[in-house]
Amino acid sequence: MRNEIIHTTVLLLFSSLGLASSAFAQSNTDQTKFRQLGVELPTPNTYRTASGAPGEDYWQQRADYDIKVEIDDEKQRLYGKETITYNNLSPHPLSYVWIQLDQNVVHPNSDTYKTTTNKLSERSTLTQLNMMTDTTFDGGFKIEYVKDATGKALKYTINKTMMRVDLPAPLAAKTGKLTLQIGWWYNINDRQNPLLSADSRGGFEFFPEDGNYLYTLAQWFPRMAVYDDYNGWQHKQFLGRGEFTLPFGNYTVAITVPSDHIVAATGVLQNAKDVLTPEQLKRFEASKTSANPVVIVTQEEATAKEKTKATTKKTWIYKAENVRDYAFGTSRKYIWDAMGVQLDGAAHNPIMAMSYYPKEANPLYGQYSTEAVAHTLRIYSKHTFPYPYPVAISVEASNGMEYPMICFNYGRPEKDGTYSDRTKYGMLSVVFHEVGHNFFPMIVNSDERQWTWMDEGINSFCQFLAEQEWQRDYPSGSGPARNIISYMKADKSVQNPIMTNSESIINFGSNAYGKPATAMNILRETVMGRELFDFAFREYARRWAFKHPTPADLFRTMEDASGMDLDWFWRGWFYTTDNVDISLDNVAEFRLDSKNPEVEKPLLAQKTKEKLENDVTYQNNKKDLTTVAVERNPALNDFYNSYDPNGITTGDRERYKQYLQTLDPKERALLESGKRFYQLDFSNKGGLVMPLILKFVFEDGSSHIRRIPAEIWRLNDKEVTKVFAFDKPVVEVILDPSEETADVDTENNFFPRKPQMSKFELFKQQGGMRRGGPMGENPMQAAKKEGQKAGN
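Residues numbered from 1 in each chain as written. Predicted model: local features only at pLDDT ≥ 70, side-chain atom pairs only at ≥ 80, totals over all residues. Heavy atoms only, no water.

## Side note on the confidence of the model for the protein
For step 1, the next point in the chain: Mean pLDDT for the protein: 90, with 90% of residues reaching 70 or above.
For step 2, the next point in the chain: In the predicted structure, residues 11–25 sits below a pLDDT of 50 and forms 15 contacts with residues beyond four places in sequence or in another chain.
For step 3, the next point in the chain: Predicted confidence for residues 769–775 stays below pLDDT 50, and this span has six contacts to residues more than four positions away or in other chains. (pLDDT = per-residue confidence, 0-100. Contact = heavy atoms within 4.5 Å.)

## A short note on the side chain of serine 259
For step 1, the next point in the chain: Structurally, serine 259 is set in the loop between strand E14 (249–258) and strand E15 (262–265).
For step 2, the next point in the chain: At 2.5 Å, the side chain of serine 259 forms a polar contact with the side chain of threonine 312.
For step 3, the next point in the chain: Non-local contacts of serine 259, meaning those with residues more than four positions away in its chain, are made with Ala310, Thr312, Lys313 and Lys314. (Helix = DSSP H or I, 4+ residues; strand = E, 2+ residues; numbered from the N terminus. Polar contact = N/O pair within 3.5 Å; in protein donor to acceptor, adjacent residues only side chain to side chain.)

## Remarks on the environment of aspartate 615
For step 1, the next point in the chain: Secondary-structure assignment places aspartate 615 in the loop between helix H15 (597–613) and helix H16 (616–624).
For step 2, the next point in the chain: There is a polar contact of 3.2 Å between the side chain of aspartate 615 and the backbone nitrogen of tyrosine 618.

## Here's the deal with the nonpolar core
The nonpolar side chains of a soluble globular protein tend to be buried, and buried together.
For step 1, the next point in the chain: Judged by nonpolar contacts, the single largest core of 195 residues is most densely connected at Trp220, Phe569 and Trp573.
For step 2, the next point in the chain: Not counting chain neighbours up to four residues away, the residues in contact with phenylalanine 569 comprise Ala519, Ile522, Leu523, Val527, Phe574 and Met690.
For step 3, the next point in the chain: One finds Tyr656, Leu660, Leu663 and Leu671 within the second-largest nonpolar core, a separate group that totals five residues. (Core = buried A, V, L, I, M, F, W, Y, C linked by side-chain atoms within 4.5 Å. Buried < 20%, exposed > 50% of the residue type's maximum accessible area, 1.4 Å probe, protein only.)

## Some details on a nonpolar patch on the surface
For step 1, the next point in the chain: On the surface, Leu625, Val628, Val630 and Leu636 cluster together into a nonpolar patch covering about 300 Å² of accessible area.
For step 2, the next point in the chain: If you trace the backbone, valine 628 turns up in the loop between H16 and helix H17 (629–632).
For step 3, the next point in the chain: Take valine 628: its relative accessible area is 35%, and that puts it in the partly exposed class. (Patch = residues over 30% accessible without salt bridge, like charges linked within 9 Å, V, L, I, M, F, W, Y side chains within 5 Å. Areas by Shrake-Rupley, 256 points an atom, 1.4 Å probe, with all protein chains shown as cover. Salt bridge = Lys/Arg side-chain N within 4 Å of Asp/Glu carboxyl O.)

## Some points on the packing of helix H12 (residues 530–543) against helix H13 (residues 551–562)
For step 1, the next point in the chain: Between H12 and H13, the least distance of the axes is 8 Å, while the angle of their chain directions is 130°. As judged from the angle between their axes, H12 and H13 are oblique. The crossing of H12 and H13 is right-handed. For the pair H12 and H13, the contacting residues are Leu532, Phe533, Phe535, Ala536, Phe537, Glu539, Tyr540 and Arg543 in the first and Asp553, Leu554, Thr557, Met558, Asp560, Ala561 and Ser562 in the second.
For step 2, the next point in the chain: Residue composition of the contact of H12 with H13, by class: nine nonpolar, two polar and four charged. (Axes fitted to C-alpha atoms, helices over the stretch in contact; angles between N-to-C directions. Parallel < 35°, antiparallel > 145°, perpendicular 65-115°, else oblique. Left-handed = near helix turned anticlockwise from the far one by under 90°. Nonpolar A, V, L, I, M, F, W, Y, C, P; charged D, E, K, R; others polar.)

## Comments concerning the packing of aromatic side chains
For step 1, the next point in the chain: Scanning the entire structure with this criterion turns up 56 aromatic pairs.
For step 2, the next point in the chain: Residues tyrosine 86 and tryptophan 233 carry aromatic rings whose centres are separated by 6.4 Å and whose planes lie at 25° to one another, so their mutual orientation is stacked. Linking tyrosine 86 in strand E3 (residues 77–88) with tryptophan 233 in strand E13 (residues 232–233), this pair joins segments that are 147 residues apart in sequence. Considered together, tyrosine 86 and tryptophan 233 belong to a single accessibility category, that of buried residues.
For step 3, the next point in the chain: Seen from their ring centres, tyrosine 425 and tyrosine 474 are 5.0 Å apart, and the 80° between their planes marks the pair as edge-to-face. Here the residue tyrosine 425 occupies a position in helix H8 (residues 421–436), and tyrosine 474 occupies one in the loop between helix H9 (453–470) and helix H10 (485–488), the gap between them amounting to 49 residues.
For step 4, the next point in the chain: Overall, tyrosine 425 belongs to the buried group, its relative accessible area being 16%.
For step 5, the next point in the chain: An aromatic cluster is defined as three or more aromatic residues linked by ring pairs; in this entry it consists of Phe34, Trp453, Phe555, Trp568, Phe569, Trp570, Trp573, Phe574 and Tyr575.
For step 6, the next point in the chain: The ring of phenylalanine 244 has arginine 223 sitting right over it, with the charged end atom 4.8 Å from the ring centre.
For step 7, the next point in the chain: The positively charged end of lysine 595 is found above the aromatic ring belonging to tyrosine 659, 5.3 Å away from the centroid. (Phe/Tyr/Trp six-rings, centres within 6.5 Å; stacked < 30°, edge-to-face > 60°. Lys NZ or Arg CZ within 6 Å of the ring centre and 35° of its normal.)

## Describing the sheet that holds E15
For step 1, the next point in the chain: Taken together, the four strands give an open sheet; going across it, the order is E9-E10-E19-E15, and neighbouring strands pair in antiparallel fashion. Edge positions in the open sheet fall to strand E9 (203–207) and E15, since each of these has one partner strand only. Neighbouring strand axes in the sheet, compared pairwise and without regard to direction, differ in orientation by 15° on average. (Pairing = 2+ DSSP bridges.)

## Some points on the pattern of salt bridges
For step 1, the next point in the chain: Counted according to the given criterion, the structure contains 45 salt bridges.
For step 2, the next point in the chain: One salt bridge connects aspartate 717 with lysine 718, and the closest N-O pair in it is separated by 2.9 Å.
For step 3, the next point in the chain: Exposure remark for aspartate 717: the relative accessible area of 8% places this residue in the buried category.
For step 4, the next point in the chain: Judged by its relative accessible area of 51%, lysine 718 falls in the exposed class.
For step 5, the next point in the chain: Each of Asp210, Glu306, Lys333, Lys359 and Glu360 takes part in a single network of salt bridges with overlapping partners.

Okay, here's the thing in structure tokens:
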């Protein structure tokens, strides 16, 4: 391949224009990239339609809860009893029901411990060894009883993280109602212990400086499993990664804690007058109409309580409607602030955006958390549906996790109050992300146990939208196409298709978060365009709000609402580990043969001259040979020694005149247009077909972008060739100039080729500098010291 634009004259044959057909390898079945998704998707039915919408016979179960729970702050234990009212709205009678006991993931006999693989190295730490071998902590559920509405004991069987309750008589289809009473307790795990925190999601954090605990409680009660039309009972064991799928219902929860604790919980507080001081109650009421955060429990109040621990108790009562789960946090360390958020079309106005955090999280959380909550509600509502709940809460904790109306988020500054930009943007991103989970999957209630990407990937995409509307140059992680390249070009042995069950994913973050978020962003910006994408995505969210969608429902809705066949995209991005590597192999320039001797003959003369000027033998002989034979003996010359083949004759002019008479006006206009034609050859090296975005740079310094849909590959998904016409000379062509397709090799995106800088060369060009101050200080610390020096 020549690394230059080749210039060629093409003979113009107006009477015999045709299309060249690119053949591709045939087999007994269609294996092209554009074949329709068939066996990959379930057959549509009256529950789920071919359009991706719920069908006329769609149904789902419902479970309402009345729970009383108490936290033992001395022993770090949780005691609870609940009454579950379960409605069988399915067309099937049920002889038993399944209940999730996800806290059993930290039982000493947990399958998570048994099946976790690990290796020793010569420099293994004690912490690593402890994580591999210490399974002595027993944080599993201790079920004390399972009874019916009359108090009669029911037979139950615990299978690790699932419990089957056998019913004395089948629960009737469509109208059956079951009441269960369950009592339990368990030891609360330490969230700072990496062996326990990653799998359990909830737990406590101990603060040795003041001897207090901060509790974030999740998966803390026995919860009804989902029974649905496409999976039956979802009783796949919880191993730590595949999270949760749960039925919707109403909750009334009474939470008993030490009387100096502040409780943050799913739902609306029912007895504020009983648990808040008059001044706190006044601030709480003021926050409802405030456009800025109002501090309800101040840092001074929280700090004072840290020193005088109450021995009495208080019960906080919350109610939540139409939620799929319930979580809460409690501590005497909590600072609490709140503000009202007005949203067009919302069922509750104002919506209370609130934050709870210890003093260790200030000033970062006090400045940003509640504002970030409010921002998330606005942006997500714009792209989906108005936020339907009355409350949205951010709780500062040691890691991020999400529940209806409440989430636990990290992002703690240094002890001196300074923080790095990484900490700041990490904190903001996790708030956007976890609050955003209210939409996916708390409302658009996908099956996390099977498909992590349906909530984490889609939510990471929406998080990206929120980040970019927070700050124009926001350093987003997931979303921009260039950020997923390192994963997509990695060895296939460390990749899975996105359509892989949650517990079987190798690279969890990239596969379940980053890649699907990038795919959705590419759909929006490059494949569909914002108008079509936004309408279709909003339609998906609205169709499946407070329902249980599957991947097929998403795929079908996006196509149904946009009028675009996207099967090629779903197949490539979601069902394979192919990557994008499209090579611009060659660019050749063609010029029309005008037949005009006044134009063509001088060009031929110039080419003859250039040919001789580039002929080494000819040039050397001009210097070395004084004369040649015909110069020494004129008798050797004849007609051809003086004949100029590029000279213009009367016959040439007459033939041109006759040629013009054969052309119609359109053909003559094209002939006289002076257009230049460029033939571009592309090859698909990575496997994923994608649109071709081309930037043509012209001789005068101007440029032009052409966007070719991915369907250009439909007849041949290995190689394609396309011709472009311009009025002025092209000097360079760039494929994917804005890096919007996640192309893993940009070296073959330029023609002529351009040398690419290595990371080391780029580092040198930037001066080899690292951000931050001396000895690993963050820039804020360095600036603070400089300010102190200036003051002295």
